[in-house]
Amino acid sequence: MALSKLASLYRAVILDHSSHPHHSGTLNGTTPLEMNNPTCGDVIRLFLHINDDGIIEDISFDGRGCAISTASASMMSDVVLGKTVTKALKLSEKFSQLVQGEEVEKTEEMLGDAAFLNGVSKFPQRIKCATLAWNALKKAVVLNEENDQGE
Ligand code: ZN
């Protein structure tokens, strides 16, 4: 595939997620985790429902952000839904390596459409846009575990 064609395919996937984000909205009965990226002005509120087996049973997000942050939140939600929190944290780690330009194996298999964001590594100021949703996920999972221990 010609390089320019590949680039436009990547752009198309990212634009599709940002204009029609999957799992956008709120979840009743869950407290959202809010996080922002002051560099760009992106804000995300992430809603997670983790069941007793540690599986992400439901996920949604709202807020406002640039195309990359919204697309990334949509892709992240697709990927981690139905996974264990342990697996989700691992994927978050992989994603952060990917957008920082590190070699990551089997990106599409593990990260789904989020693998299309690897080009962000060439734009350091956009890395925070791409990782915002994934960092919110990490923080939400940690908080959830702390709450569980408190019960
Ligand atoms: Zn942004």
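Above this note sits the structure.
Residues numbered from 1 in each chain as written. Predicted model: local features only at pLDDT ≥ 70, side-chain atom pairs only at ≥ 80, totals over all residues. Heavy atoms only, no water.

Draft legend 1. Summary view of a negative patch on the surface. There is a patch of like negative charges on the surface, built from Asp-52, Asp-53, Glu-57, Asp-58, Glu-145, Glu-146 and Asp-148. Listed by contribution, the elements that provide at least two residues to the negative patch are strand E3 (56-64) and helix H5 (124-150). Among the elements that line the negative patch, the one with the most residues is H5, at 3 residues. Mapping Asp-52 onto the fold places it in the loop between strand E2 (42-50) and E3. (Patch = residues over 30% accessible without salt bridge, like charges linked within 9 Å, V, L, I, M, F, W, Y side chains within 5 Å. Areas by Shrake-Rupley, 256 points an atom, 1.4 Å probe, with all protein chains shown as cover. Salt bridge = Lys/Arg side-chain N within 4 Å of Asp/Glu carboxyl O. Lys, Arg positive; Asp, Glu negative; His and termini not counted. Charge placed at Lys NZ, Arg CZ, Asp CG, Glu CD. Helix = DSSP H or I, 4+ residues; strand = E, 2+ residues; numbered from the N terminus.)

Draft legend 2. Highlighting the pattern of salt bridges. If you walk through the whole model with that rule in mind, you get 1 salt bridge. A salt bridge links Asp-62 to Arg-45; the nearest nitrogen and oxygen atoms lie 2.8 Å apart. Linking Asp-62 in strand E3 with Arg-45 in strand E2, this pair joins segments that are 17 residues apart in sequence. Exposure remark for Asp-62: the relative accessible area of 24% places this residue in the partly exposed category. (Buried < 20%, exposed > 50% of the residue type's maximum accessible area, 1.4 Å probe, protein only.)

Draft legend 3. Inspection of a positive patch on the surface at higher detail. Residues Lys-87, Lys-90, Lys-94 and Lys-106 make up a contiguous surface patch of positive charge. Here Lys-87 lies in helix H3 (residues 85-99).

Draft legend 4. Spatial organisation of the environment of Ile-44. Among the secondary structure elements, Ile-44 is positioned in strand E2. The exposure class assigned to Ile-44 is buried, which follows from its relative accessible area of 5%. Separated by 10 residues in the primary sequence, Ile-44 and Glu-34 place their C-alpha atoms 5.7 Å from one another. Excluding residues within four positions of it along the chain, Ile-44 makes contact with Leu-33, Glu-34, Met-35, Phe-61, Asp-62, Ala-73, Leu-132, Ala-133 and Ala-136. (Contact = heavy atoms within 4.5 Å.)

Draft legend 5. Local environment of the coordination of the zinc ion. At 2.2 to 2.7 Å from the zinc ion lie its protein donor atoms, namely Cys-40 (SG), Asp-42 (OD), Asp-42 (OD), Cys-66 (SG) and Cys-129 (SG). Here the donor residues of the zinc ion are spaced in sequence according to C-x1-D-x23-C-x62-C. Linking Asp-42 in strand E2 with Cys-129 in helix H5, this pair joins segments that are 87 residues apart in sequence. Residue Asp-42 shares its accessibility class with Cys-129, and that shared class is buried. (Donors = N, O, S within 2.8 Å, 3.2 Å for Na, K, Ca; no water.)

Draft legend 6. Here's a closer look at helix H2 (residues 67-80). Between its terminal C-alpha atoms H2 stretches 20 Å, which fits the 20 Å expected from 14 residues at 1.5 Å a residue. The buried fraction of H2 is high, at 12 of 14 residues. Among the residues of H2, Ile-68, Ser-69, Thr-70, Ala-71, Ser-72, Ala-73, Ser-74, Met-75, Met-76, Ser-77, Val-79 and Val-80 are the ones counted as buried. Gly-82 lies just past H2 and shows a positive phi near 90°. (Expected span 1.5 Å × (residues − 1).)

Draft legend 7. Region of the structure containing the packing of aromatic side chains. Taken as a whole and judged by the stated rule, the model has 2 aromatic pairs. On the numbers, 4.9 Å between centres and 80° between planes, the contact of Tyr-10 with Phe-116 is edge-to-face. On the criterion of sequence distance, the pair formed by Tyr-10 in helix H1 (residues 3-19) and Phe-116 in the loop between helix H4 (107-111) and H5 is long-range, its members being 106 residues apart. With relative accessibility at 24%, the residue Tyr-10 sits in the partly exposed group. (Phe/Tyr/Trp six-rings, centres within 6.5 Å; stacked < 30°, edge-to-face > 60°.)

Draft legend 8. Fine view of the sheet that holds strand E1 (residues 33-37). In space, the 3 strands of this open sheet follow the order E1-E2-E3, with antiparallel pairing throughout. Looking along the sheet, the strands with just one partner apiece sit at the ends: E1 and E3. Neighbour-to-neighbour, the strand axes of the sheet open up by a mean angle of 20°, direction not taken into account. Sheet topology places E1 next to E2; 5 bridges connect them, and they run antiparallel. Within the sheet, the bridge partner assigned to Met-35 lies in E2 and is Ile-44. (Pairing = 2+ DSSP bridges. Axes fitted to C-alpha atoms, helices over the stretch in contact; angles between N-to-C directions.)

What is shown is where atoms sit, not what they do.
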